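For reference, the chains in residue letters:
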Amino acid sequence: MATDSFIIYGDVNVEVTITENADGTLTFTTSVITEGENATGLIGDINAIFFDVADNIDVSLLETSEGTDLDTSEVVALEDVFKEESVTKVDSYTNMNGEVVKESGKFDGGVQFGTQGIGEDDYQSVSFTLSTLDGSPLSLADFSLQDFGVRLTSVGVEGGSREGSLKLGGTSPEFPENPEPPVEPECDDIYVTTEADISAPIIPGAPPFPGDQIVDPATQEAFFSLLYNNDAGGTVTSVGGDAGNVGQVITGSNGGTIVIYADGTFDFSAVNTNYENDFAHLLEGQMDTTSFVYEVDGLEQTLCVEVYGIGDGGGTGGPTI
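Owing to the predicted nature of the structure, the values given are computational and were not obtained by experimental measurement.

About the criteria used
Residues numbered from 1 in each chain as written. Predicted model: local features only at pLDDT ≥ 70, side-chain atom pairs only at ≥ 80, totals over all residues. Heavy atoms only, no water. Helix = DSSP H or I, 4+ residues; strand = E, 2+ residues; numbered from the N terminus. Buried < 20%, exposed > 50% of the residue type's maximum accessible area, 1.4 Å probe, protein only. Contact = heavy atoms within 4.5 Å. Core = buried A, V, L, I, M, F, W, Y, C linked by side-chain atoms within 4.5 Å. Pairing = 2+ DSSP bridges. Axes fitted to C-alpha atoms, helices over the stretch in contact; angles between N-to-C directions. Polar contact = N/O pair within 3.5 Å; in protein donor to acceptor, adjacent residues only side chain to side chain. Disulfide = S-S within 2.5 Å.

Undergrad: Any chance you could explain the overall build of the chain here in plain terms?
TA: What the chain contains, in helices and strands, is one helix and 22 strands. Per-residue burial over the chain gives 48% buried out of 321 residues. For the chain, the share of sequence-separated contacts (at least 6 apart) that also reach a separation of at least 24 residues comes to 65%.

Undergrad: Just to check I follow, could you spell out the nonpolar core for this structure?
TA: Counting residues in hydrophobic clusters, the biggest one holds 36 residues, and the most contacted among them are Ile18, Phe51, Phe113, Leu130, Phe143, Phe148 and Leu152. Put simply, the parts of the chain that give this core at least two residues each are β1 (3-8), β2 (14-20), β3 (26-32), β4 (43-51), β10 (107-113), β11 (125-132), β12 (147-156) and β13 (164-171). Residue contacts for isoleucine 18: discarding those within four places in its chain leaves Ala2, Thr3, Asp4, Phe6, Leu26, Thr27, Phe28, Leu140, Phe143, Phe148 and Phe175. Membership of the second largest hydrophobic core comes to 19 residues, among which are Ile250, Ile258, Leu282 and Tyr294.

Undergrad: I tried to follow the sheet that holds strand β18 (residues 249-251) on my own but got confused; where do I start?
TA: Across a sheet, strands are paired by hydrogen bonds formed along the backbone, either parallel or antiparallel in direction. Spatial strand order, β18-β19-β20: three strands in an open sheet with antiparallel pairing. Here the strands that pair on one side only, and so sit at the sheet edges, are β18 and β20 (266-269). Here the average twist between neighbouring strands, direction ignored, is 25°.

Undergrad: I keep staring at the side chain of serine 269 and nothing clicks. Help me out?
TA: As for its placement among the helices and strands, serine 269 is situated in strand β20. At 3.0 Å, the side chain of serine 269 forms a polar contact with the backbone nitrogen of valine 271.

Undergrad: Before we go on, may I ask you to explain the state of the cysteines in this structure?
TA: Put plainly, two cysteines are in a disulfide when a covalent bond ties their sulfur atoms together. Counting across every chain of the model gives one disulfide. Sulfur-sulfur distance for the disulfide between cysteine 187 and cysteine 304 comes to 2.1 Å. As the torsion about the S-S bond is roughly -90°, the cysteine 187-cysteine 304 disulfide counts as left-handed. Taken together, the residues cysteine 187 in the loop between β13 and β14 (189-194) and cysteine 304 in strand β22 (residues 299-308) connect sequence positions 117 residues apart. Judged by its relative accessible area of 32%, cysteine 187 falls in the partly exposed class.

So this is what it looks like as structure tokens:
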């Protein structure tokens, strides 16, 4: 499952993430950036996203579904318009007329979220599914180097008057037509969990709580220690290639954090060292994998952690510190 993100910059910076789904549909996530170096200090209500599509796509066959407010997991009402190089508005209050259209031209499609203003809704992060009426598959490559636009109203400082509005434009990056699938590690041990696993060994001052169980890939038997398959006992001598990492917080190959102790017990968390959940984007039933390398008396082993989504992609945040 390929996914990629890019930022549309302006007085409010907005991140757009496109994810390929196994059924040939795409999930679009549009989010106001409120934290980190790309946050501007302003927020806005996301009214609509506009975009162009590759020439090989019949835009008249496009349709949207599954609108979701990712902050609340509530359903979002969607309105859409698809017409090749002809779209500047969805209805009378959501339009991209002005500098963005003058620079990029009219769009192939537009998707509107909810209602005008923040009286009934105020979307900071919203997703929807894009599919085709005839079932033909869509891919990231169909949106490579395409023009995008985002319409925001109620722009301002959170908690302030928020009386501004914005029309932002940008171009997506070049997405490869056949992205290389990630190389799956050979798993000596497997730990299965969900995005809600935020036991967080990274909380400052928290006592160790080794208690997670791994599963033997061959027998599916569960054990509390990574040393279960070492008949001679042994000790975890390094984590991530460094002896100093035993008992310390380590980041996984694809996110999440772990502490692996000398006796093979461990504590995994979906939360990273910035107290953000690396797997909050997962939808119900979706799975992502991260891995950790450790050594037992010099013999290298790989622990694979399978993290499953449990909601509508809103996810579970990090701990309160």
